[in-house]
Amino acid sequence: MSTFIEELSLNAWPALQTVLHDGWVIRFANGYTKRANSVNPLYPSAIDLDAKIRFCEGIYENKKLPVVFKINSGASPDNLDTKLLANDYRKDSLTSVQVMELETASVQIAGEVELQGDLSAGWLDNFCRMSAVAEPNRKTLRQILTHIIPCHCFVS
C-alpha cells in the first residue's frame, strides 16, 4: 500500500526533472520543496547500496542541491534508513500519511467552490502569499502547477 501511495504522491506533485535509477526515482525542481527534490527508493535494485547512495549524492551535488531521501515503510531496501543514519544523514520533516475509504465517507462542502480551467495569476499570488513562497521559488511553483494535468484511469 505504501508504494502505491508514494506513486500517487509523485504524480500529484510533479518534479521538473525525474531520473529513474535502478528502482529509485530521483526528482529535481530547482530546490523548491523536498517532495519535488528527493530520492524516492520505491523498488528493489541490483546495484550496490553504497554505490547507489554515492550516485545520488553526486547528482545532487552537481545541481547544488541537498540530498534528501524520502523514506517510508515500503522503501527498498528496507535497511536504507539505518544505512543513511550510519552515513551522517538525519531524520527530518517526519510526516504522517493518513488514508480513508471515500466511498463510505460523508463529506459536506462548506461555502462555494469555483473551478478554473487554467492557473490564474491571482490564485498563484494568493497561494504564494498564504504559503510564504519566496519570490525565487514562484517561477518553479508555476512550472510545477502547470504540469499537473487531469488524469483519466481506465481499469478492465
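Note: the structure precedes this text.
Just so you know, these numbers come straight off a predicted model, no measurement behind them.

### Looking at the nonpolar core
Taken as a class, soluble globular proteins show a tendency for nonpolar side chains to be buried jointly. Membership of the largest hydrophobic core comes to 13 residues, with the highest contact counts inside it found for Trp24, Ile26, Val39, Ile53, Tyr60, Phe69 and Leu80. Sorting the residues of this core by element identifies β2 (24-28), α2 (49-62) and α3 (80-86) as the ones contributing at least two each. Of the residues forming this core, the biggest block, 5 residues, is contributed by α2. If near-sequence neighbours (up to four positions away) are discounted, leucine 80 is found in contact with Trp24, Pro41, Leu49, Ile53, Phe69 and Ile71. Within the second largest apolar cluster, 11 residues are counted, among which are Trp13, Tyr32, Leu124 and Leu145.

### Observations concerning the packing of aromatic side chains
Under the counting rule described, the total for this entry stands at 4 aromatic pairs. Both rings, one in phenylalanine 69 and one in tyrosine 89, keep their centres 5.5 Å apart while their planes meet at 85 degrees; by these two values the pair is edge-to-face. Remark: tyrosine 89 occurs in the loop between α3 and α4 (121-130) and phenylalanine 69 occurs in the loop between α2 and α3; sequence separation between them is 20 residues. The exposure class assigned to phenylalanine 69 is buried, which follows from its relative accessible area of 12%. On the basis of an interplanar angle of 15 degrees and a centroid distance of 5.2 Å, the ring pair of tryptophan 123 and phenylalanine 127 is categorised as stacked. In this pair, tryptophan 123 and phenylalanine 127 are both assigned in helix α4, 4 residues apart and thus about one turn of the helix distant. By relative accessible area, which is 24% here, phenylalanine 127 ends up partly exposed. In this structure an aromatic cluster arises from ring pairing among Trp24, Phe69 and Tyr89. For the cation-ring pair, lysine 63 lies above phenylalanine 28, with the distance from its terminal atom to the ring centre recorded as 4.9 Å.

About the criteria used
- Residues numbered from 1 in each chain as written.
- Predicted model: local features only at pLDDT ≥ 70, side-chain atom pairs only at ≥ 80, totals over all residues.
- Heavy atoms only, no water.
- Core = buried A, V, L, I, M, F, W, Y, C linked by side-chain atoms within 4.5 Å.
- Buried < 20%, exposed > 50% of the residue type's maximum accessible area, 1.4 Å probe, protein only.
- Helix = DSSP H or I, 4+ residues; strand = E, 2+ residues; numbered from the N terminus.
- Contact = heavy atoms within 4.5 Å.
- Phe/Tyr/Trp six-rings, centres within 6.5 Å; stacked < 30°, edge-to-face > 60°.
- Lys NZ or Arg CZ within 6 Å of the ring centre and 35° of its normal.

Spatial relationships are all this shows, so hold off on functional conclusions.
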